[in-house]
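As a plain string of letters, each chain reads:
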Amino acid sequence: MMRYTFGWLVFFCLFTSQAEAASLANTWHTSTGVVQALHVGERNNLYYSADTPTLNQLSANQSLSTWVSSTQLAAFSQASGITTDSLGNIYFTDSAANALYFIDITTGNIKLVTNLLNQPAGIAITMAGDIVVANMGTNQVLLVNPNGNSSIIAGNGGAGYTGDSGLAVDAQLNLPSGIAIDGSAIYVSELGNHTVRRFTIGGSIQTMVGTGIASFVGDNGSATLATLNQPTDIALDPAGNLLIADTANHRIRRMNSIDHIITTIAGTGSSIANTTTVTASPALSTNLPSPTAIATDSLGNIYVNSGQQIIQLTADSNAVNVASQQASCISSPLASFSWLSLGLMGLFLYRLKPYSDI
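Scoring rules and cut-offs
Residues numbered from 1 in each chain as written. Predicted model: local features only at pLDDT ≥ 70, side-chain atom pairs only at ≥ 80, totals over all residues. Heavy atoms only, no water. Salt bridge = Lys/Arg side-chain N within 4 Å of Asp/Glu carboxyl O. Helix = DSSP H or I, 4+ residues; strand = E, 2+ residues; numbered from the N terminus. Buried < 20%, exposed > 50% of the residue type's maximum accessible area, 1.4 Å probe, protein only. Phe/Tyr/Trp six-rings, centres within 6.5 Å; stacked < 30°, edge-to-face > 60°.

Quick word on the pattern of salt bridges
Inference 1: Overall, the coordinates contain four salt bridges when judged by the stated rule.
Inference 2: A salt bridge links Arg197 to Asp164, with the shortest nitrogen-to-oxygen separation between them at 2.9 Å. Residue Arg197 is found in strand β16 (residues 195–200), and its partner Asp164 is found in the loop between β13 (150–154) and β14 (176–182); the two are separated by 33 residues along the sequence.
Inference 3: Under the relative-accessibility criterion, Arg197 is labelled buried at 0%.
Inference 4: For Asp164, a relative accessible area of 29% translates into the label partly exposed.
Inference 5: Put simply, Asp219 and Arg253 hold a salt bridge, and the shortest N to O gap is 3.0 Å.

Re the packing of aromatic side chains
For any two aromatic rings, the description comes down to two numbers: the centre-to-centre distance and the angle of the planes.
Inference 1: For the coordinates displayed, the defined rule picks out three aromatic pairs.
Inference 2: Here the aromatic rings of Tyr91 and Phe102 are separated by 5.0 Å at their centres, their planes lie at 55 degrees, and the arrangement is tilted. Note that Tyr91 is positioned in strand β7 (residues 90–94) and Phe102 in strand β8 (residues 99–103), a separation of 11 residues in sequence. Across this residue pair, the class does not change: Tyr91 and Phe102 are buried.
Inference 3: With a centroid separation of 5.1 Å and an interplanar angle of 20 degrees, the aromatic rings of Phe92 and Tyr101 are classed as stacked. No difference in accessibility class separates Phe92 from Tyr101, as the two residues are buried.
Inference 4: Here the aromatic residues Phe76, Phe92 and Tyr101 are joined through ring pairs into a cluster of three or more.

In structure tokens:
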């Protein structure tokens, strides 16, 4: 009986270890400065900006390209938001220049779309090809077409937290910063209100995450009862779950798309930076000091920034190796099935032990 009990204990411990490692963090370090914005395109190319300033592309085949630098664009300060269209062309905002730019990937030419914005931050593109911009300086969300014409789609210009269940254009926002689009629904994170709200163009607005109070409570409960602390950026994963860079809580949180339950999926809450080289480790055991940018690829991997680091949170323990001349990537640990197989094998061997030994 002791052998059976021990066998089950071995299996349980190994299985528990595997469950803890189900989401791993891999870290690589850029040599281009502090990472400011992240975006993953339809072909799983990773775009990121740094304060050097540069806007770079790390392709799925691990090749590195620099699309924008201060040499190419004299007015360039830093990209505060990045998105791509269906052809792979790049749009980015520059908060210091109050501008939105377009990059033709065929020619590499950079075009000014508009410089009439006010501290633009996160952006996303609609199915119609228009760009949704979080215009922090006016506490509004704008819709900008490729010709530069813009219209207000959320926020009346006053800094505040009012208007839920009413028209989005009549509501008060407070420092809108992150944008994510799911069909006709637009999500916006608000630094000043510590919330994430959802609205439709010409329709109503509603708080989806947060109470307006800056703190950290509510995990494993309804997202509307939970609290955030300066949610700077948001993204939607392939399943439609909402991912939140909860900046001042030093965590990544996720609102389930089905029941709207919120959980922490990465970060310890510590503001202490990881060491220069971080091995692949459970995401919940990885420090994420002040993450301000988040993106996700078609495989469900999540990318967040922390200083000069870009941290990849994998959906399983088979870490995706991403390496380039500018990055040092950590190799993957033992494959996910190996721990489970070892546990099953241990139990199996104990069950095969001759009865005479009992």
